[in-house]
Amino acid sequence: MQLESGQIDIATQIPYSRIDELKAVGGLNVSLFDSTDVKFVILNCQSEKLSDKRVRQALELATDKDAINKAVYFGYGDPANTFLSPSAPHYAADLPTTSLDVETAKGLMAEAGYADGMDLTVEVGSGDSAFLQVATMLQTEWAEIGVTLDIQQIDLATARQNWKDGNYDVFISYMTSDMTDTSELAGLWCIKDQANCWRSYWNDEDQAKAEEYCKKANSEMDEAARLADYGEMQKIVADAVPVIPLIYAPYTFVATDKITGAAQTPLGIYNFKNLDKAE
């Protein structure tokens, strides 16, 4: 409202639901800047039900990322194929994005001994309408392979503490990066002693291989070798599915047409070096 009335010149973090409307408003320019914002679903790998990667693979195959992008992010995001964003320097662009495949997912559930399905719980912070919508869509989608997803809306601080303590089944979250090097995010997801693989508590042979590639890449000086090692690391994570990457979400940035040269970097930093405002 302040933008439209001319009280302010720039607004950021605009809800995706308002972008189409603002694009139609005269005197405003809408920008969608590349970001490192990745929305994802973390699976508790120490849970008996989720310890078998075939179950985790089935859950990803039963997840309609395109539908989530359209319904929750109004088509402004991109379905994700790995936990690193395309803005990251060692993003594995050759990894395919997992497509919806309910029949294959059902087969994997049966192979893992869950032909009759299972019950899982996801905790969503009260007031988080976007993640609640994601959870509701997952509830419907996963039901197709016999998974009953119980959605519990609780205080966000409690939900995050349960996630940190490993007292959860499924947790919907996001991550951005504040540094240009890949080592930070790679270590959080793949080095067990660093953050318990971002509280997925992933700890098996696959995890050990991913950690080996991660540590090798972290200390490698040759950029081509780093790219190759981080690529192998991402392939292992994509196959083991301790995390279901959902959406790459851009930064929303709206300014009056008097403003030129303003931008936001993928790290979220506002770049006003070349900003100019017409009289």
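Everything below is about the structure shown above.
Residues numbered from 1 in each chain as written. Predicted model: local features only at pLDDT ≥ 70, side-chain atom pairs only at ≥ 80, totals over all residues. Heavy atoms only, no water.

Taken as a whole and assessed by the stated rule, the structure comprises nine aromatic pairs. Between the aromatic rings of Y91 and Y248, the centroid separation amounts to 6.1 Å while the plane-to-plane angle is 85°, which identifies the pairing as edge-to-face. With Y91 in the loop between β3 (78–79) and α5 (102–111) and Y248 in strand β7 (residues 243–256), this residue pair connects regions lying 157 residues apart in the sequence. Neither residue differs from the other here; Y91 and Y248 are each classed as buried. An angle of 10° between the planes, with centres 5.4 Å apart, marks the rings of W163 and F171 as stacked. Connected via pairs of aromatic rings, a cluster forms that spans W163, Y168, F171 and W198. Here K39 stacks its cationic end above the ring of Y174, 4.8 Å away from the centre of that ring. For the cation-ring pair, R199 lies above W163, with the distance from its terminal atom to the ring centre recorded as 5.7 Å. (Phe/Tyr/Trp six-rings, centres within 6.5 Å; stacked < 30°, edge-to-face > 60°. Helix = DSSP H or I, 4+ residues; strand = E, 2+ residues; numbered from the N terminus. Buried < 20%, exposed > 50% of the residue type's maximum accessible area, 1.4 Å probe, protein only. Lys NZ or Arg CZ within 6 Å of the ring centre and 35° of its normal.)

Ranked by size, the top nonpolar core spans 46 residues in total, and within it V41, L59, I68, L120 and W142 carry the most contacts. Here the element with the most residues in this core is helix α6 (residues 129–143); it accounts for six residues. Beyond its immediate sequence surroundings of up to four residues, I68 is in contact with T63, Y73, V134, M137, L138, E141, L246 and I247. (Core = buried A, V, L, I, M, F, W, Y, C linked by side-chain atoms within 4.5 Å. Contact = heavy atoms within 4.5 Å.)

Here N44 is to be found in the loop between β2 (28–43) and α3 (53–61). Taking the relative accessible area as the measure of exposure, N44 reaches 2% and is therefore buried. Of note is the side chain of N44, whose polar atom sits 2.9 Å from the backbone oxygen of G166. Setting aside anything within four residues of it in sequence, one finds N44 in contact with L50, G166, Y168, D169, S200 and Y201. (Polar contact = N/O pair within 3.5 Å; in protein donor to acceptor, adjacent residues only side chain to side chain.)

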